[in-house]
Amino acid sequence: MNHSMEMQTQTHPRDETEVMEPWAALEGRASASPEENADLPADDNMINVVDIEPTPPNGGYGWICALAVFLINCNTWGVNAVRYYPRTFVDHTS
Amino acid sequence: MAYYKLNDTELQASYFQYAIIGGLSISQALTATPVVTMSHRKIGLQPTMLLGTLLIFVSLLTSSFVTQIWQLILSQGMCFGWGMGFLYIPATAVLPSWFSTHRSLAVGLATSGSGLGGLVYSVVTNAAIQSVGVRWAYRIIASTSLAMNLLACVLLKETGGRAAAGPRQERGWRLGIREFGRIEVALVVLWGLVTEFGYIALLYSLPSFAASIGLTPTQGSVANALFNLGLGLGRPVLGWLSDKMGRINMAMIVTAMCAFFCFSLWIPAQSYGVLLAFSVLAGATCGTFWCTVTPVLVEVVGMKKFVGTFGTILMALVLPTTFAEVVAIEVARVSGGKETNDYTGAQIFVGFMFLAGALSIWLLRCWKVWQVELDRQGADERAQSTTVRPKYWVSWLKPRFLFRLWHV
């Protein structure tokens, strides 16, 4: 019984997060938000997984968001860039 | 805006004033960062972006009615800049949180909008000015950008877990001056600074350079169009490669490539063909900072602190971008004390700026390699080193870290 509890603490996910993010160890842990806890099994080891950064969706609606940011870039930086076209005048005193 | 100078006699102003407008819009976008971040936190993503859309629309619309240069400075400089800030900054900050392995590709695709948008808008504006005049051209741009920005505001959402603003998330969002004390953030700022100078100088000098080597204005505008095309096409490719080969790796390689192209293709360019080749290649490689800064920053500070650090870096870039165009004018046109057609000074300046940028990224990569090695050494080593933290500022600057071929 004691042995199995020791095994659990040795493979504690918290250690793995400390290895991956050394600066996070100094900053402290984020509080677990209810949404992230909802899908996880109620297990001692798994509760601390929410302290790691939440897994990004990596696709799906994200591509629509990329399209939205594309449009924004078109209209902000694109319109900004129109200023540079075309500098056919060379002498600014005319 | 350049057309006002050509066509409207009542809007004569010096080069300096026009350059300030350009610098002002970008720098105001960056200055708006603290306000924008606060607004994002307090009133949410979509109201912030809607405010930006409104500001841009108002700015372009009022630009069509101006009669004095100071009005143009206000409308197209400041108002547009703030609108750009309200739109661009939250959007850019939100996008990386949607991706993990495809992050660079998505950001590359998104930032290619600036190149493709610049291309399309310049062609459209040209045609519009020829047919209906400058003022109506402004109104056309105002309405099309309004429509597209509204669409973008509707489409963009934050990832679910991040939307709940807890106290820790707010802390990650805070713009911290202490961030600059961290050497890796300082390196990113340095990289951004020098590549911004290079980028704006390049952007500015390329059109007039075509005229200086004897090409017609049409050929000059084709070179420009190719430059923007390079921007538009190069960034997704860069993003995809970054995901495969490492984000900091690719940022370094591409910045160095841009410097290489400046020195090898631009300086000896005396003919149309070479200039076109340079335009495309330079377009593909010079906009590296804006394309890769967000994934690189996530690599450097982690997703949690990304928003705050991104804001801090943008604020650090305010002053350089305000004056970058003025610097570009001075370097490009006033070589040897008087106006000349000799662009060698500008070319060397741009080349060295990108070289300096590549060097800073190389050092950043070295830091990251050190970090990764530190992580790989495992928890037991860290438990042993209880007394002394490695000296933060220079212990990572070792040759074995500089030259290690890792996927960072």
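Since we're looking at a predicted model, the values are computed, not measured.

Examining the packing of helix α6 (residues 61-81) of chain A against helix α7 (residues 134-155) of chain B
Packing of α6 of chain A against α7 of chain B brings their axes to within 9 Å, and their N-to-C directions diverge by 155°. Classified by the interaxial angle, the pair formed by α6 of chain A and α7 of chain B is roughly antiparallel. As for how α6 of chain A packs across α7 of chain B, the hand of that crossing is left-handed. Along the contact surface, α6 of chain A presents Y61, I64, L67, A68, L71, I72, N75 and V79 of chain A, while α7 of chain B presents I141, T144, S145, M148, N149, L151, A152 and L155 of chain B. For the contact of α6 of chain A with α7 of chain B, the per-class residue count stands at 12 nonpolar, four polar and no charged.

Some words on the environment of N228 of chain B
Mapped onto the fold, N228 of chain B is located in helix α11 (residues 217-245). Sequence separation between N228 of chain B and S114 of chain B is 114 residues; the distance between their C-alpha atoms is 8.2 Å.

Examining helix α10 (residues 183-212) of chain B
All names here are of chain B. Under the 1.5 Å per step criterion, the end-to-end length of α10 is 42 Å for 30 residues, consistent within 8% with the ideal 44 Å. Most pronounced at L206, the bend in α10 amounts to some 40°, and the proline P207 follows within four residues. Among the 30 residues in α10, 25 count as buried, and that is most of the element. Once α10 finishes, G214 follows within two positions and takes phi at roughly 95°, a positive value.

A closer look at the nonpolar core
All names here are of chain B. Counting 110 residues, the largest nonpolar core has W266, L275 and W290 as the members making the most contacts within it. Sorting elements by how many residues they give to this core places α10 first, with 17 residues. Residues in contact with L275, not counting those within four places in the same chain, are L206, F209, A210, I213, L215, A223, W266 and A269.

Some details on helix α4 (residues 45-63) of chain B
For an α-helix, 3.6 residues make a turn, and residues three or four places apart therefore share a direction. Residues and elements named next belong to chain B. Over its 19 residues, α4 extends 27 Å from the first C-alpha to the last, a length consistent with the 27 Å expected when each residue adds 1.5 Å. For α4, the set of buried residues is L45, T48, M49, G52, T53, I56, S59, L60 and S63. The buried side chains of α4 occupy one side of the element, clustering within an arc of 140° when seen end-on.

Digging into the packing of helix α6 (residues 103-132) of chain B against α7 of chain B
Residues and elements named next belong to chain B. For the pair α6 and α7, interaxial distance at closest approach is 8 Å and the crossing angle is 140°. Relative to α7, the element α6 is oriented oblique. The element α6 and its partner α7 pack so that their crossing is right-handed. The segment α6 lies against α7, with Y121, T125, A128, I129 and V132 engaging V134, W136, A137, I140, I141, T144, S145 and M148. Residues that form the contact of α6 with α7 fall into these classes: 10 nonpolar, three polar and no charged.

About the criteria used
Residues numbered from 1 in each chain as written. Chains lettered and ligands numbered in written order. Predicted model: local features only at pLDDT ≥ 70, side-chain atom pairs only at ≥ 80, totals over all residues. Heavy atoms only, no water. Axes fitted to C-alpha atoms, helices over the stretch in contact; angles between N-to-C directions. Helix = DSSP H or I, 4+ residues; strand = E, 2+ residues; numbered from the N terminus. Parallel < 35°, antiparallel > 145°, perpendicular 65-115°, else oblique. Left-handed = near helix turned anticlockwise from the far one by under 90°. Contact = heavy atoms within 4.5 Å. Nonpolar A, V, L, I, M, F, W, Y, C, P; charged D, E, K, R; others polar. Expected span 1.5 Å × (residues − 1). Bend = angle between axes of the 7 residues up to and from the residue. Buried < 20%, exposed > 50% of the residue type's maximum accessible area, 1.4 Å probe, protein only. Core = buried A, V, L, I, M, F, W, Y, C linked by side-chain atoms within 4.5 Å. Arc of directions from axis to C-beta.

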